[in-house]
Amino acid sequence: AITSYKRALEIKPDYAEAHGNLGDALSELGQPEAAVASYERALEIKPDYAGVLNNLGRVFSELGQPDAAVASYKRALEIMPDNAEIHYNLGFSLNDLGQYDAAVASYKRALEIKPGHAKAHHNLSTLKKYRPDDTQIGLMENLLSSPESDESDRLNLCFALAKAYDDLDEYEKSFNYLKEGNRLRKKKLNYDIDEDKMLFYKIKELFSVEKVPSCTTPFDEHSAIQPIFIVGMPRSGTSLVEQILASHTNVYGAGELGAMHKLLSPILSAFSSQVAGQQNSQVSLYDIETLRNGYLEALTALNVSEKVITDKMPLNLRWIGFILSSFPRAKIINLNRAPLATCWSIYKHHFSSKG
């Protein structure tokens, strides 16, 4: 598809729709920066392209730039004020910014336009306290039993209703909805623990003394940007710690960045291929330098004035060896919460991402 869009643009460079479609394709392939460039080119040609403004906001959100995402969504709503999906997306980014009242208003507006928007019901449920006379509860129950609701809708509604009944101290109902929601989520994920076992096997192999002597080589360019990695189990308190740190004027809370995982994927894949053919394969100094430079580029792309940037992706805990190889003086904060409390909080939370 990308080749076709690029060919179309060679023939007609000012074809806004082709630039927008190219941006969509690049985004799906995990190339958000290139997608942003395509979307912005489309908007230069067609400034009132609401669909592209919405997609641009979504990519900004993925890049950890909620301010830019909000600005893009608001521009889109000036053109399409009655679009429920854009109101929902705006609410999501406002939530990321901690502007909870504004996020609630956006979710409510999305539901006024589209009462069956299951994701808006769920996200709204996380930001409000339910009372017995709340009409949203009955609406969600009707939607849950509707044949028009698909499994994704029912999944979101189950978690929302679990939250509602928990607020009302009706714990048996709450747990039944949680159980069904997690059943649907497990079915959708099709998770296989063997994949994670293999990942941890690879990491242990890479960091055995014989295989990665170069990983311990200290080097640091004393970058102006200093990352702080906040790691731990999901729901262990990473968001709270980031909020505390980001209250300092010199610290920017970047949220959960996917840069480290994205940069490490080709290194891990290459190692897997090498292991099959030779016993002395290792991560090279070049790999570590590429990882460090790529991560610093991702932080620079945030375009913020603060020089200390927090990354609270919890499962960066898997990459601590790579982090310390790339940034020998990196600050890493590891969160530990009581295991039972952590597991229960995870069970109650609907994680929208596949990870």
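Here, the structure is the one placed above.
Just so it is clear, the model here is predicted, and its values are computed rather than measured.

Details of the overall build of the protein
And step 1. For the protein, the count of helices and strands is 17 helices and four strands.
And step 2. Over its C-alpha trace the protein gives a radius of gyration of 22 Å, about what one expects of a compact globule, namely 20 Å for 355 residues.
And step 3. Each of the three principal axes of the protein carries a C-alpha extent, and together these read 65 × 60 × 45 Å.
And step 4. In the protein, which comprises 355 residues, the proportion classed as buried is 43%.
And step 5. Once local pairs closer than 6 in sequence are excluded, the contacts in the protein between residues at least 24 apart make up 67%.
And step 6. Accessible surface for the protein amounts to roughly 19,300 Å². Of this, 54% is attributable to carbon and sulfur atoms.

Observations concerning the nonpolar core
And step 1. V36, Y39, L43, V52, L56, V59 and L90 are the most contacted members of the largest nonpolar core, which totals 36 residues.
And step 2. Elements supplying a minimum of two residues to this core: α1 (2–11), α2 (16–28), α3 (32–45), α4 (50–62), α5 (66–79), α6 (84–96), α7 (100–113) and α8 (118–125).
And step 3. Those residues in contact with L56, other than ones at most four positions away along the chain, are V36, Y39, E40, L43 and S72.
And step 4. Membership of the second largest hydrophobic core comes to 28 residues, among which are M260, V283, I288 and L299.

Things to note about helix α11 (residues 171–189)
Count 3.6 residues to each turn of an α-helix, and residues three or four apart come out pointing the same way.
And step 1. Taking 1.5 Å per residue, 19 residues should reach 27 Å; α11 reaches 26 Å between its end C-alpha atoms and fits that length.
And step 2. When we look at burial in α11, the residues that qualify are S174, Y177, L178, G181, N182, L184 and R185. Along the axis of α11, the buried residues cluster in a sector spanning 160°; they form a single face. Facing away from the buried surface of α11 by more than 90 degrees, the exposed residues are E172, K179, K186 and K187.
And step 3. Of the surrounding secondary structure, the elements contacted by the buried residues of α11 are α9 (135–145), α10 (151–167) and α17 (339–348).
And step 4. Within two residues after α11, N190 carries a phi angle of roughly 55°, on the positive side.

Some points on the sheet that holds strand β2 (residues 251–253)
And step 1. The strand order across the open sheet built from four strands is β2-β3-β1-β4, with neighbouring strands paired in parallel fashion. Of all the strands in the sheet, the pair left with one neighbour each is β2 and β4 (331–335). Strand-to-strand, the axes of this sheet are offset by a mean angle of 20°, without reference to chain direction.
And step 2. Taken strand by strand, helix α13 (residues 238–246) contacts β1 (226–232), β2, β3 (308–311) and β4, and its axis lies near 155° from that of β1.

A word on the side chain of S106
And step 1. If you trace the backbone, S106 turns up in helix α7.
And step 2. The residues touching S106, leaving out its near neighbours within four places in the chain, are H87, L90, G91 and L94.

Brief notes about the side chain of Q65
And step 1. Among the secondary structure elements, Q65 is positioned in the loop between α4 and α5.
And step 2. Excluding anything up to four places from it in sequence, Q65 contacts F60, A301 and L302.

Looking at α7
And step 1. Here α7 contains 14 residues, and its C-alpha end-to-end distance of 20 Å stays within 8% of the 20 Å for a straight helix at 1.5 Å per residue.
And step 2. When α7 is considered as a whole, its buried residues turn out to be A103, V104, S106, Y107, A110 and L111. Taken end-on, α7 shows its buried residues confined to a sector of 165°, consistent with a single buried face. Residues of α7 that are exposed and angled more than 90 degrees away from the buried face: D101 and E112.

As for unusual backbone geometry
And step 1. One non-glycine residue, N190, lies in the positive phi region at around 55°.
And step 2. Tracing the chain through its elements places N190 in the loop between α11 and α12 (193–206).

Looking at the packing of aromatic side chains
And step 1. Under the definition given, this model contains ten aromatic pairs.
And step 2. Relative to W344, the ring of F175 lies with its centre 6.5 Å away and its plane at 20°, an arrangement referred to as stacked. With a gap of 169 residues between them, F175 in helix α11 and W344 in helix α17 connect regions that are remote in the sequence.
And step 3. The exposure class of W344 is partly exposed, given its relative accessible area of 40%.
And step 4. Measuring from centroid to centroid gives 5.9 Å for Y295 and F327, while their planes differ by 70°, and the two rings are edge-to-face.

Criteria and cut-off values
Residues numbered from 1 in each chain as written. Predicted model: local features only at pLDDT ≥ 70, side-chain atom pairs only at ≥ 80, totals over all residues. Heavy atoms only, no water. Helix = DSSP H or I, 4+ residues; strand = E, 2+ residues; numbered from the N terminus. Rg over C-alpha atoms; globule rule 2.2 N^0.38 Å. Buried < 20%, exposed > 50% of the residue type's maximum accessible area, 1.4 Å probe, protein only. Contact = heavy atoms within 4.5 Å. Areas by Shrake-Rupley, 256 points an atom, 1.4 Å probe, with all protein chains shown as cover. Core = buried A, V, L, I, M, F, W, Y, C linked by side-chain atoms within 4.5 Å. Expected span 1.5 Å × (residues − 1). Arc of directions from axis to C-beta. Pairing = 2+ DSSP bridges. Axes fitted to C-alpha atoms, helices over the stretch in contact; angles between N-to-C directions. Phe/Tyr/Trp six-rings, centres within 6.5 Å; stacked < 30°, edge-to-face > 60°.

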